[in-house]
Amino acid sequence: MFPIYVNQAGYLPEKRKICIATEEHSEFTVKDMQGKTCFKGSFFSFGFDELSGDRVYHGDFSELTMPGKYRIHAGDQVSATFDIGEQVYDKLLYDVMRAFYFLRCGCELEEKHAGCYTHKACHTSDATVWDNRAIKKSIVGGWHDAGDYGRYVGPGAVALSHLLYAFMLYPNALKGLQLNIPESGNGQPDVLNECRWELDWILKMQREDGAVYHKLTTANFCGFIMPEEDTAEQFLLPVSSIAAADFAAICALASRVYREYDAEYADTFLQAAKKTYQWLNENPNFLGFRNPEGCGTGGYGERDDHSNRFWAAAEMYAATGEARYLEDVKMQLAQHDIFLTALGWGEVGGMGSMALLTTDYSVDESIKERVKKAVIDQAADLKQNADNNGYFCTMKEHEYNWGSNMGLMHHGMILMMADMLNGSSEYIEYALAQLHVLMGVNALGISYVTGNGDYACNHPHLRPACADGIDACMPGMVCGGPNRHLNDRDHSKELLQAGTPPMKCFVDDWRCYSLNEITIYWNSPVVFLLAAVLNGKMPAAKGQALG
Ligand code: G3I
Ligand code: 9MR
Ligand code: ZN
């Protein structure tokens, strides 16, 4: 561990750069790899920071803009290395997007794309319908959800939505991104190529009547084996209105995004969305999900489906312009208190907001204003939180839950949406500050993204990463992050003391799934945030503005 904390990926030249020490030093120097001093500065005391339990000192070296590789030195302490330059986040973006390829299910990962992280085709057997064991279906493909090999519709739709909205809103950053995946070079953007892998799978999760199965998993989690060794029976668990609504939403969004690339593909998704939306209309009551007796994989249950139905209606309107969908949007907004900036996996109102802000069809000014206000108000709150935190982190104590890095990245997304809506340049610095937290400016000085940084997570709760016998984890996996509820059933209570400050409730130990697992919907907001931050720096491509 390096006692002076920096973003281990680095800093954009013109942006704010603040390193953090937790001991008092009179001054610091920034030295290049030859040991030459390139900048000298003094620390400013922030004082005691409650969420980390640290006395915090800020060293501002924003004035250093010269591209290069550096370390901070203070007394006998040094930081990890970091870069300054316009390209500092290129590898990170590549890695966090390519992580989806590493999570592909139903195919072999070949050396030419996966390097040493190869595996044979996995989970190719037929799936059995849980409630009617006589029915078998072939539903191969998709991304493994997380450290386990399950495939869940809601979380898949949410991860896809972050990626597709990032692609729509930030084309300069993502249209040209090449990922070295099997489809690369087919004339289509690789981000869309990768998303197709999950979209094609999700389509198969639709039942003949338009309902949608909640998930496709084994009855229980398998051991820490390679995916192709997980040959236990695959089950299609019962349908839910949550899965149906998220399905309709993502299919409608896909029809919008893919239209200019492949009209037939777009039509297929629009038809699928309409069919399931019809099912939702005919089944207006909440049909939640709980694991039936005998099934122990992820639940992803919710208390209601209001935000999901809101999102579905908003996407259907954005894709078709048909008035009845806008009526449904209005009905949801009138009847329920929809959290308009929630970005998943459970509450998904924020994606409905994005649909209403990006559609070409007209939306009542009053609705648009309400959505914009929700985003801008939350951004203002987040800024205030960051100003009061020693690490410039927007997270409040109650947000240090399982997968807290998801919340952190959602905050970055909201700040970038606000940046787009009011044109103020202030929020990008706050959004970047959240990226800095993820990448090392945090109370443990750790980068939460595997393979990115001198001191980065390397032992996530991720089955292939543990079972492949390779020391270095495949790069680009975003770990869940600090969680103040130490989970009894993993090892966090053994490894961390009760009373550990929230920001320090983390260990890079594969046994601690409530701290150190990875998921597709923890990676996807990082792609969105990076694309948002980098978009302005890339040559212009045709895109869609927010608002
Ligand atoms: O939202 C409440 C908050 O209101 C409350 O104050 C707080 C205190 O308990 O809890 C918050 O709920 C948390 C919830 O996530 C919402 O984020 C729960 O504590 C927490 O236990 C729950 O964790 C979820 C976990 O499954 C257990 O259900 C994670 O979000 C979710 O990402 C995770 O998902 C698993 C899948 O089931 C299986 N696959 C791996 C995946 C990642 O670990
Ligand atoms: O690997 C599983 C992980 O994906 C889940 O998030 C977690 C909580 O549901 O459960 C993990 O599996 C563990 C199971 O719950 C209990 N037995 C040990 C399993 C592996 O550590
Ligand atoms: Zn698989």
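Residues numbered from 1 in each chain as written. Chains lettered and ligands numbered in written order. Predicted model: local features only at pLDDT ≥ 70, side-chain atom pairs only at ≥ 80, totals over all residues. Heavy atoms only, no water.

### Overview of empty space enclosed by the protein
Link 1 in the chain: On inspection of all chains with the given rule, the structure shows 4 cavities of 30 Å³ or more.
Link 2 in the chain: Of the pockets and cavities examined, the largest cavity occupies roughly 80 Å³.
Link 3 in the chain: If you trace the largest cavity, you find 13 residues lining it, with Asp148, Tyr149, Gly150, Thr218 and Asp230 closest to the centre.
Link 4 in the chain: Residues belonging to the lining of the largest cavity are distributed by class as follows: 3 nonpolar, 7 polar and 3 charged.
Link 5 in the chain: Its boundaries defined by the atoms lining it, the second largest cavity holds a volume of some 70 Å³.
Link 6 in the chain: Taken together, Cys393, Met395, Tyr400, Ser404, Asn405, Leu408, Val437, Asn442, Tyr448, Pro482 and Met503 form the lining of the second largest cavity.
Link 7 in the chain: For the lining of the second largest cavity, the element with the highest residue contribution is helix 12 (residues 404–422), accounting for 3 residues. (1 Å grid on protein atoms, 1.4 Å probe; cavity = no way out; pocket = protein on both sides within 12 Å on 5 of 7 lines; lining within 4 Å. Points joined across faces, edges and corners; volume = space filled by probe spheres on them. Nonpolar A, V, L, I, M, F, W, Y, C, P; charged D, E, K, R; others polar. Helix = DSSP H or I, 4+ residues; strand = E, 2+ residues; numbered from the N terminus.)

### A short note on the coordination of the zinc ion (ligand 3)
Link 1 in the chain: For the zinc ion (ligand 3), the full set of protein donor atoms is Cys105 (SG), Cys122 (SG), His123 (ND1) and His144 (NE2), at a range of 2.0 to 2.3 Å.
Link 2 in the chain: Here the zinc ion (ligand 3) is ringed by 4 donor atoms whose angles at the metal span 100 to 115°, and the overall shape comes out tetrahedral.
Link 3 in the chain: Sequence spacing of the donors to the zinc ion (ligand 3): C-x16-C-H-x20-H. Here Cys122 and His123 have matching classes, each one buried. (Donors = N, O, S within 2.8 Å, 3.2 Å for Na, K, Ca; no water. Tetrahedral: all angles 85-135°; square planar, octahedral: opposite > 155°, others 65-115°. Buried < 20%, exposed > 50% of the residue type's maximum accessible area, 1.4 Å probe, protein only.)

### Here's the deal with the sheet that holds strand 11 (residues 151–152)
Link 1 in the chain: Spatially, the 5 strands line up as an open sheet ordered 10-9-13-12-11, and their pairing is mixed. Since the sheet does not close on itself, it has two edges, and those belong to strand 10 (136–137) and strand 11, each with one partner. (Pairing = 2+ DSSP bridges.)

### Observations regarding the site of ligand 2
Link 1 in the chain: Around ligand 2, the surrounding shell consists of Asp148, Phe221, Phe224, Trp402, His461, Arg463, Tyr513 and Glu517.
Link 2 in the chain: One nitrogen or oxygen atom from the side chain of His461 is found 2.6 Å from an oxygen atom belonging to ligand 2.
Link 3 in the chain: Between Glu517 and ligand 2, the recorded distance is 2.6 Å, taken from a side-chain N or O atom to an oxygen atom.
Link 4 in the chain: The fraction of the free accessible surface of ligand 2 (450 Å²) that becomes covered by protein chains is 66%.
Link 5 in the chain: Taken atom by atom, the bulk of ligand 2 overlaps the largest pocket. (Near = heavy atom within 4 Å. Polar contact = N/O pair within 3.5 Å; in protein donor to acceptor, adjacent residues only side chain to side chain. Areas by Shrake-Rupley, 256 points an atom, 1.4 Å probe, with all protein chains shown as cover. Sits in = over half its atoms within 2 Å of the grid points.)

### Structural notes on the domain arrangement of the protein chain
Link 1 in the chain: Examined at the domain level, the protein chain breaks down into domain 1 (1–86) and domain 2 (90–438 + 518–535).
Link 2 in the chain: Domain 1 and domain 2 are separated by 35 Å when their C-alpha centres are compared.
Link 3 in the chain: Buried surface at the junction of domain 1 and domain 2, both sides included, amounts to about 1400 Å², of which 64% is carbon and sulfur.
Link 4 in the chain: The largest per-residue losses of area from domain 1 upon contact with domain 2 belong to Lys15, Arg16 and Leu51, which jointly make up 37% of the total buried on that side.
Link 5 in the chain: Linking domain 1 with domain 2 are 0 salt bridges, by the criterion used here.
Link 6 in the chain: Breaking the side of domain 1 that touches domain 2 down by element, the ones donating at least two residues are strand 1 (10–11), strand 2 (18–21), strand 4 (37–49) and strand 5 (54–60).
Link 7 in the chain: No other element matches the 3 residues that strand 5 contributes to the side of domain 1 that touches domain 2.
Link 8 in the chain: For the side of domain 1 that touches domain 2, a count of residues per class yields 9 nonpolar, 5 polar and 5 charged. (Domains from an automatic or database assignment. Buried area = accessible area lost by both parts, 1.4 Å probe. Salt bridge = Lys/Arg side-chain N within 4 Å of Asp/Glu carboxyl O.)

### Considerations on the packing of aromatic side chains
Link 1 in the chain: Considering all chains together, one arrives at 24 aromatic pairs under this definition.
Link 2 in the chain: Measuring from centroid to centroid gives 5.1 Å for Phe28 and Phe43, while their planes differ by 50°, and the two rings are tilted. With a gap of 15 residues between them, Phe28 in strand 3 (residues 27–32) and Phe43 in strand 4 connect regions that are remote in the sequence.
Link 3 in the chain: Among the residues examined, Phe28 registers a relative accessible area of 1% and is labelled buried.
Link 4 in the chain: A relative accessible area of 10% places Phe43 in the buried class.
Link 5 in the chain: Aromatic side chains Tyr300 and Tyr521 sit 5.9 Å apart centroid to centroid with 80° between the ring planes, which places their arrangement in the edge-to-face category. Residue Tyr300 is found in the loop between helix 7 (263–282) and helix 8 (306–320), and its partner Tyr521 is found in helix 17 (residues 520–535); the two are separated by 221 residues along the sequence.
Link 6 in the chain: Classification of Tyr300 by relative accessible area gives buried; the value is 14%.
Link 7 in the chain: Just above the ring of Tyr265 sits the side chain of Arg196; from NZ or CZ to the centre is 3.9 Å. (Phe/Tyr/Trp six-rings, centres within 6.5 Å; stacked < 30°, edge-to-face > 60°. Lys NZ or Arg CZ within 6 Å of the ring centre and 35° of its normal.)

### Overview of the nonpolar core
Link 1 in the chain: The biggest cluster of nonpolar side chains holds 184 residues, and the ones touching the most others in it are Phe61, Tyr89 and Leu174.
Link 2 in the chain: Of the residues forming this core, the biggest block, 13 residues, is contributed by helix 6 (residues 241–258).
Link 3 in the chain: Not counting the four nearest positions on each side in its chain, Phe61 is found in contact with Tyr11, Lys17, Ile18, Cys19, Phe28, Val30, Phe39, Ile72, Phe82 and Ile84.
Link 4 in the chain: Core analysis: the next-biggest nonpolar cluster, separate from the first, contains 5 residues, Phe235, Leu237, Phe289 and Cys295 among them. (Core = buried A, V, L, I, M, F, W, Y, C linked by side-chain atoms within 4.5 Å. Contact = heavy atoms within 4.5 Å.)

### Structural notes on helix 12
Link 1 in the chain: Here helix 12 contains 19 residues, and its C-alpha end-to-end distance of 27 Å stays within 8% of the 27 Å for a straight helix at 1.5 Å per residue.
Link 2 in the chain: Most of helix 12 is tucked away: 16 of the 19 residues are buried.
Link 3 in the chain: Once helix 12 finishes, Gly423 follows within two positions and takes phi at roughly 70°, a positive value. (Expected span 1.5 Å × (residues − 1).)

### A closer look at the packing of helix 5 (residues 190–204) against helix 7
Link 1 in the chain: One way to put it is that helix 5 packs onto helix 7 with a least axis distance of 11 Å and a crossing angle of 40°. Looking at the two axes, helix 5 sits oblique to helix 7. Helix-helix and strand crossings are classified by hand; for helix 5 and helix 7 the assignment is left-handed. Note on element contacts: helix 7 touches helix 5 through Tyr265, Thr268, Phe269 and Ala272, opposite Arg196, Leu199, Asp200 and Leu203.
Link 2 in the chain: Here the residues of the contact of helix 5 with helix 7 sort into 5 nonpolar, 1 polar and 2 charged. (Axes fitted to C-alpha atoms, helices over the stretch in contact; angles between N-to-C directions. Parallel < 35°, antiparallel > 145°, perpendicular 65-115°, else oblique. Left-handed = near helix turned anticlockwise from the far one by under 90°.)

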